[in-house]
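Secondary and tertiary structure notes
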Amino acid sequence: KVNSSRENFYCKCFILNFAMQRRNFIKGGLLASTLSLKSSSAALAPIEFTPISAEERKSRVAKAQKLMVEKNIQAIILDAGINMNYYTGISWHPSERSMLAVIPSKGEIHFICPAFEEDRFLEMAPAGTKVQTWEEDENPFALTTSVLKNLGIQKGQIGIDEFCRFFIFDGLRKTSNFQFVNADAITIPCRIIKSAAEIALMQKANDATVKAIQAGIAALTLGCTPRQISQKIAQAHAEQGAVHGFASVTFGVATSFPHGSSRKQILKNGDVVMLDCGCSVGGYESDITRTIVFGEPSEKQKQIWDLEKKAQQAGFEAAKLGAPAENVDHAARKVLVDAGFGPDYKMPGLPHRTGHGIGMSGHEWGNMVRGNKAPLEIGMCFSIEPTIAIPGEFGVRLEDCAYMTAEGPKWFSKPSPSISEPF
């Protein structure tokens, strides 16, 4: 019932708009009978998780110190960033003012902090934390050298965090006579093997991303843009209390670009849709990719999707304790080469490694790539994502992350059952 011609006009516009959206939704083929999805209308529940404990961080430092003794490294210096967070729990944005942690092979961690930031630092640090401060007109690197000497370290090798910025390394070597070496021999063996607590956080992050991608797929409509879907995924991550990492969404030909395309994309019926997304929970990352078709898939799309699923499963089955990491890449790539793709990194085919390590960073050490002879161990975490890219047409990637257990690999997220069932 309307009371004026203006209201009558608005009412007609509303009805027409509703009818057009309903038509586009049906035309897109995304009814429940075509694509298996959970409803995204209900608010997503916040994630509950247990953060890394102080006791676990102490065990990490103890492992690092044991490795330092074995490698004859007197101390390691960490720039503000992931490695500092990993060992100390201090999350500090790296700026032009050096904030450093010194972990000696014996003794307590010492921090080098800008003086005017000390109060903020102490809010984050446990009681009794050793901290030395420097004023704006003082040299933080000379102070760091002084701290090392006060710890009884007069000479020898000092490990430098791989994320340490050059101006810090340059300043340290100008103020001391230490031999500076890469700290990878200490940090990588610690971080590449995840504890039960770390794996639990990664599981929470993956669960959150599953729900976020479901929300993104449910939001697909004819004529929408990748940005609109990415925003929906980010919103779903935020609703759950996860820290949104990324949502790379591509349509049609753009899916043949493994890392997306800058070209304008408008969703059309029959387009392949690729959603590569991740978030973090308690500082630990997820990384999941789903590929579907908006509408009814063609026979070629079905065939390529099924081949991708077969390659992903082959990579998973090749992940055996003690076997080299490269076996995962070899097994997945062989499926594609045997089907006429490639060979090697040539397209159409798989133009990149089959997987990457994951943990506090979305991409860490432990890549599933030719030449990586490192044996798979309990606690290693990595993606399995053997993309099939067909230039000028479309691409298909199915990505799930796995972790090694005593019984072999286990998925963080269950692989897609079919092209019409992303989860």
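What counts and how
Residues numbered from 1 in each chain as written. Predicted model: local features only at pLDDT ≥ 70, side-chain atom pairs only at ≥ 80, totals over all residues. Heavy atoms only, no water. Helix = DSSP H or I, 4+ residues; strand = E, 2+ residues; numbered from the N terminus. Buried < 20%, exposed > 50% of the residue type's maximum accessible area, 1.4 Å probe, protein only. Contact = heavy atoms within 4.5 Å. Areas by Shrake-Rupley, 256 points an atom, 1.4 Å probe, with all protein chains shown as cover. Lys, Arg positive; Asp, Glu negative; His and termini not counted. Charge placed at Lys NZ, Arg CZ, Asp CG, Glu CD. Axes fitted to C-alpha atoms, helices over the stretch in contact; angles between N-to-C directions. Parallel < 35°, antiparallel > 145°, perpendicular 65-115°, else oblique. Left-handed = near helix turned anticlockwise from the far one by under 90°. Polar contact = N/O pair within 3.5 Å; in protein donor to acceptor, adjacent residues only side chain to side chain. Salt bridge = Lys/Arg side-chain N within 4 Å of Asp/Glu carboxyl O. Pairing = 2+ DSSP bridges. Core = buried A, V, L, I, M, F, W, Y, C linked by side-chain atoms within 4.5 Å. Disulfide = S-S within 2.5 Å. pLDDT = per-residue confidence, 0-100. Nonpolar A, V, L, I, M, F, W, Y, C, P; charged D, E, K, R; others polar. Expected span 1.5 Å × (residues − 1).

What follows covers the overall build of the protein. A count of helical and extended segments in the protein gives eleven helices and 17 strands. A principal-axis box enclosing the C-alpha atoms of the protein has dimensions of 80 × 65 × 35 Å. Put simply, the protein has 423 residues, and 50% of those count as buried. The contacts of the protein with a sequence gap of at least 6 include a subset with a gap of at least 24, amounting to 66%. On the protein, roughly 20,000 Å² of surface is accessible, and the fraction owed to carbon and sulfur atoms is 54%. Separation of charge centres in the protein, based on 46 positive and 44 negative side chains, amounts to 6 Å.

Right, let's get into the packing of helix H10 (residues 299–318) against helix H11 (residues 326–338). Contact geometry of H10 with H11 gives a least axis separation of 7 Å together with a crossing angle of 155°. Relative to H11, the element H10 lies roughly antiparallel. The element H10 and its partner H11 pack so that their crossing is right-handed. Listed contacts from H11 to Leu307, Lys310, Ala311, Ala314, Gly315 and Ala318 of H10 are Asn327, Val328, Ala331, Ala332, Val335 and Leu336.

Residue position: Lys174 is located in helix H6 (residues 166–174). Assessed through its relative accessible area of 64%, Lys174 is described here as exposed. C-alpha separation for the pair Lys174 and Asn206, spaced 32 residues apart in sequence, amounts to 45 Å. Engagement of the side chain of Lys174 in a polar contact is seen with the side chain of Asp170, the distance being 3.0 Å.

A separate point is the pattern of salt bridges. Across all of its chains, the model carries 21 salt bridges by this definition. In this structure, the salt-bridge partner of Arg97 is Glu96, at a minimum N-O distance of 3.4 Å. A relative accessible area of 56% places Glu96 in the exposed class. Glu364 is the salt-bridge partner of Lys194, the closest N and O atoms lying 2.8 Å from each other. One end of the pair, Lys194, is in the loop between helix H7 (184–191) and helix H8 (196–218); the other, Glu364, is in strand S12 (residues 364–368), with 170 residues separating them in the sequence. Each member of the pair, Lys194 as well as Glu364, is classed as buried.

As judged from the four bridges shared by strand S16 (residues 400–405) and strand S17 (residues 408–411), these two strands associate in the antiparallel manner. If you follow Thr405 over to S17, its bridge partner there is Gly408. Between S16 and S17, which pair antiparallel one after the other, the connecting turn spans two residues.

Here we take up helix H5 (residues 140–150). Of the positions making up H5, those classed as buried are Pro140, Phe141, Leu143, Thr144, Thr145, Val147 and Leu148. In this structure, the buried residues of H5 make contact with strand S1 (73–79), strand S2 (100–104), strand S3 (110–114), strand S4 (130–134), strand S5 (157–160) and H6. Positive phi appears at Gly152, one or two residues downstream of H5, with a value of about 90°.

The next thing to look at is the nonpolar core. Ranked by size, the top nonpolar core spans 42 residues in total, and within it Tyr87, Phe111 and Phe121 carry the most contacts. No other element matches H8, which puts five residues into this core. Contacts of Tyr87, omitting those with residues within four sequence positions, involve Arg57, Arg60, Val61, Ala64, Leu78, Ile103, Ile186, Thr187 and Cys190.

Let us look at the state of the cysteines. This model, assessed by the stated rule, comprises zero disulfides. A disulfide-free cysteine, Cys277 has its sulfur positioned 9.7 Å from the sulfur of Cys279, the nearest such atom.

Moving on, we come to the confidence of the model for the protein. Scored by pLDDT, the protein comes out at a mean of 92, with 90% of its residues at no less than 70. Here residues 36–41 scores under 50 on pLDDT; set against residues more than four positions off or in separate chains, the count is ten contacts.

In this section: the packing of helix H2 (residues 54–71) against H7. Across the interface, H2 lies against H7 with an axial gap of 9 Å and an inter-helix angle of 140°. With respect to H7, the axis of H2 lies oblique. In terms of crossing hand, the pair formed by H2 and H7 is right-handed. Contacts from Arg60, Lys63, Ala64, Leu67, Met68 and Lys71 of H2 reach H7 at Ala185, Ile186, Pro189 and Cys190. Of the residues assigned to the contact of H2 with H7, the class counts are seven nonpolar, no polar and three charged.

For the rest of this paragraph, the subject is H2. Given a rise of 1.5 Å per residue, 18 residues ought to cover 26 Å, and the 26 Å separating the end C-alpha atoms of H2 matches this to within 8%. Those residues of H2 that fall on the buried side of the exposure criterion are Glu56, Arg57, Arg60, Val61, Ala64, Gln65, Leu67 and Met68. Contacts made by the buried residues of H2 are with S1, helix H3 (82–88), S2, H7, H8 and strand S9 (284–285). Looking one or two residues beyond H2, the residue adopting positive phi is Asn72, at roughly 60°.

Where burial is concerned, most of S1 is hidden: six out of the seven residues are buried. The sheet contact formed by S1 and S2 spans five bridges and is antiparallel. Each residue of the ladder has a partner; that of Ala75, found in S2, is Pro104.

Time to look at the sheet that holds S2. Overall, mixed pairing links the six strands, which are arranged S4-S3-S2-S1-S5-S6 in an open sheet. Across the chains shown, the open sheet's two edge strands, defined by having one partner strand only, are S4 and strand S6 (179–182). The sheet shows a mean angle of 25° between the axes of neighbouring strands, taken without regard to direction. Across three bridges, the pairing between S2 and S3 is antiparallel.

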